[in-house]
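What follows is the residue order along each chain.
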Amino acid sequence: NDPVFVAKNNYLLTLNMLEFAREQKSLNLFWQWGTDEEYGSEQEVSLEAPLSPRNPYAASKAAQDMLAMAYETSYNIPILLSSCVNVIGEGQDSSKFLPTLIRKLLSDKVVKLHCDKDMVIGTRQYCDVKEICDNIIVHVHYAFDVDIMNDRDSRPKLIYNGTKLTNYSMAKLV
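Residues numbered from 1 in each chain as written. Predicted model: local features only at pLDDT ≥ 70, side-chain atom pairs only at ≥ 80, totals over all residues. Heavy atoms only, no water.

Draft legend 1. Quick look at the pairing of strand E2 (residues 79-84). E2 sits mainly inside the fold: 6 of its 6 residues count as buried. Pairing of strand E1 (residues 30-35) with E2 involves 6 bridges; the strand directions are parallel. Looking at E2, one finds that Thr35 is bridged to Cys84. (Buried < 20%, exposed > 50% of the residue type's maximum accessible area, 1.4 Å probe, protein only. Helix = DSSP H or I, 4+ residues; strand = E, 2+ residues; numbered from the N terminus. Pairing = 2+ DSSP bridges.)

Draft legend 2. Representation of a nonpolar patch on the surface. A surface patch of nonpolar side chains, amounting to about 360 Å² of accessible area, comprises Ile102, Leu105, Leu106 and Val174. Mapped onto the secondary structure, Val174 falls in the segment after helix H6 (167-173). (Patch = residues over 30% accessible without salt bridge, like charges linked within 9 Å, V, L, I, M, F, W, Y side chains within 5 Å. Areas by Shrake-Rupley, 256 points an atom, 1.4 Å probe, with all protein chains shown as cover. Salt bridge = Lys/Arg side-chain N within 4 Å of Asp/Glu carboxyl O.)

Draft legend 3. Fine view of the side chain of Asn10. For Asn10, the location among the structural elements is in helix H1 (residues 3-23). Taking the relative accessible area as the measure of exposure, Asn10 reaches 10% and is therefore buried. In this view, Asn10 contacts Tyr57, Ser60, Lys61 and Gln64; residues no more than four positions away in its chain are not counted. (Contact = heavy atoms within 4.5 Å.)

Draft legend 4. Representation of the packing of H1 against helix H2 (residues 56-75) within the structure. Interaxial distance between H1 and H2 falls to 9 Å at its minimum, and their mutual angle equals 20°. With respect to their mutual orientation, H1 and H2 come out roughly parallel. Seen from above, H1 lies across H2 with right-handed handedness. Of the residues in H2, those touching H1 at Pro3, Val6, Ala7, Asn10, Tyr11, Leu13, Thr14, Leu15, Leu18, Glu19 and Arg22 are Pro56, Tyr57, Ser60, Lys61, Ala63, Gln64, Leu67, Ala68, Tyr71 and Tyr75. (Axes fitted to C-alpha atoms, helices over the stretch in contact; angles between N-to-C directions. Parallel < 35°, antiparallel > 145°, perpendicular 65-115°, else oblique. Left-handed = near helix turned anticlockwise from the far one by under 90°.)

Draft legend 5. Molecular detail of helix H3 (residues 97-106). When we look at burial in H3, the residues that qualify are Phe97, Leu98, Pro99 and Leu101. The elements touched by buried residues of H3 are strand E3 (86-88), strand E4 (123-128) and H6. Backbone geometry just downstream of H3 places Asp108 in the positive-phi region, at approximately 55°.

See the structure below:
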């Protein structure tokens, strides 16, 4: 609810981490995680797509990515950009859609699904946290492959697009 805090926090967090990375004598990788919201709404996430944030949070995440890319160019810090859709799984914040849905359904409460002005129920893409963790473990070895890390175009671009479901479909699954 506080866009100034969010923007400052996200930007300064990345700036401080990049400054720490810059001071290291040997650094194999700086892994910057973004969000699908940086690219707008209702589209597949692609690091080649133009940035099109639609809210202050998404804009602050886009600023983090841009700052990381600038540090790579200016200070030769090897950057790996990744982006992810809605992560679901153990430890998820209880205020998010899926935990709220489960809690309401278990207590026989009415679940309200929001629609747009044309009465179309929203769609989200979901990715299980365990799947993301498994992929991170598999891809960490890139940080130690000097040939790949020295060639920006050869670096993996990790995108987690997940499974696309309407909120209604997710409610029915639960």
